[in-house]
Amino acid sequence: MKTNSISIDGQQITFREGQTIIQAALEAGIYIPYLCYHPDFEAHGSCKVCTVRVNGSHCSACTTFASDGQVVDNHCEDLNSSRRAITQMLFVEGNHLCPSCEKSGDCELQALGYYLKLFGSHFPHLFPHREVDATHPHILLDRDRCIFCELCVRASREVDQKNVFAISGRGIDSELVVNSPSGTLLDSGLDVNDKAAHVCPVGAILIKNQAFQVPIGQRKYDKNRIDDADLIEVKHDHIDS
């Protein structure tokens, strides 16, 4: 029986039919940076952080299916430079005050910044003013921290079957909106146990009365770099399934 394989940065790995490049890579213990990808949802390649070079052409690793014989470049300076610029833009297009943020130490954007050795913003901060929604008794929505990964949109639509969230506008005018009569979480039908309430990779959607309960030094990315932590989770998920 023929074994399908691809090469990532010179390392040969096998894959199963129907796997994307990022799925095959993570399962093989190779970290490809990402923000909008989540194994529970269909990928749509919006953040472009997982962009790799496949046989000389650039493509999103989360939406490109693995094909036998592919040669993939991932961990190289030109790709990491592009990822660094994207991450820098995400920081300046929102208000990410990491030292005081409840999500600090457990934030994928922050951890990715450390991984990519992002030591400065490079671009001027835009300091947008987006409305904070604290109307829900158990859930806080801080739009200033939203990176428009659409994970909450997909979770609410595909898992919770509620369509609570959507993205409105374009470019700098983009905004996470709530589909409810008042436009707030209060009458949206969002429940604290919904997938959409727990899938945010940054601090845009937070569960109230849980802030700073995990001591500094014991948070997810205090203990592991993002590449180690995410690979550990992928390994555990694969074993459980």
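So, here is what we can say about the structure in this document. (Residues numbered from 1 in each chain as written. Predicted model: local features only at pLDDT ≥ 70, side-chain atom pairs only at ≥ 80, totals over all residues. Heavy atoms only, no water.)

What to know about the overall build of the protein chain
Move 1: From N to C terminus, the protein chain includes six helices and ten strands.
Move 2: Whereas a compact globule of 241 residues would reach a radius of gyration of roughly 18 Å, the protein chain reaches 18 Å, a difference of no more than 12%.
Move 3: Dimensions of the protein chain along its principal axes, counting C-alpha atoms only, are 55 × 40 × 40 Å.
Move 4: Within the protein chain, the proportion of its 241 residues that are buried is 49%.
Move 5: Across the protein chain, contacts joining residues at least 24 apart in sequence account for 62% of those joining residues at least 6 apart.
Move 6: Computed over 22 positive and 32 negative side-chain charges, the separation of the two mean positions in the protein chain equals 3 Å. (Helix = DSSP H or I, 4+ residues; strand = E, 2+ residues; numbered from the N terminus. Rg over C-alpha atoms; globule rule 2.2 N^0.38 Å. Buried < 20%, exposed > 50% of the residue type's maximum accessible area, 1.4 Å probe, protein only. Contact = heavy atoms within 4.5 Å. Lys, Arg positive; Asp, Glu negative; His and termini not counted. Charge placed at Lys NZ, Arg CZ, Asp CG, Glu CD.)

Thoughts on the packing of aromatic side chains
Move 1: Summed over the entire model, instances satisfying the criterion amount to three aromatic pairs.
Move 2: Seen from their ring centres, Y31 and Y115 are 5.1 Å apart, and the 85 degrees between their planes marks the pair as edge-to-face. Of this pair, Y31 sits in the loop between α1 (21-27) and β3 (51-54) while Y115 is found in helix α3 (residues 108-115), placing the two residues 84 residues apart along the sequence. Accessibility classification places Y31 together with Y115 in one group, the buried group.
Move 3: Ring geometry for Y34 against Y37: centres 5.3 Å apart, planes inclined by 90 degrees, an arrangement best described as edge-to-face. Each member of the pair, Y34 as well as Y37, carries the same accessibility label: buried.
Move 4: One aromatic cluster in this structure is built from Y31, Y34, Y37 and Y115. (Phe/Tyr/Trp six-rings, centres within 6.5 Å; stacked < 30°, edge-to-face > 60°.)

Thoughts on the pairing of strand β8 (residues 165-168)
Move 1: Where β8 meets strand β9 (residues 175-178), four bridges bridge the pair, whose relative direction is antiparallel. Residue pairing across strands places F165 opposite V178, the latter belonging to β9.
Move 2: Here β8 folds back onto β9, and the loop between the two strands holds six residues, one of which, G169, carries a positive phi near 85 degrees. (Pairing = 2+ DSSP bridges.)

A word on the pattern of salt bridges
Move 1: Within this structure, the stated rule accounts for twelve salt bridges.
Move 2: Of the charged contacts, one joins R53 and D73 as a salt bridge, the two residues approaching to 3.2 Å between their closest N and O atoms. Of this pair, R53 sits in strand β3 while D73 sits in strand β5 (residues 71-73); the two residues are 20 residues apart in sequence, bridging distant segments of the chain.
Move 3: Taking the relative accessible area as the measure of exposure, R53 reaches 16% and is therefore buried.
Move 4: Residue R84 is joined to E77 by a salt bridge in which the shortest nitrogen-to-oxygen separation is 3.3 Å.
Move 5: The structure contains a network of salt bridges with shared partners spanning R53, D73 and D78. (Salt bridge = Lys/Arg side-chain N within 4 Å of Asp/Glu carboxyl O.)

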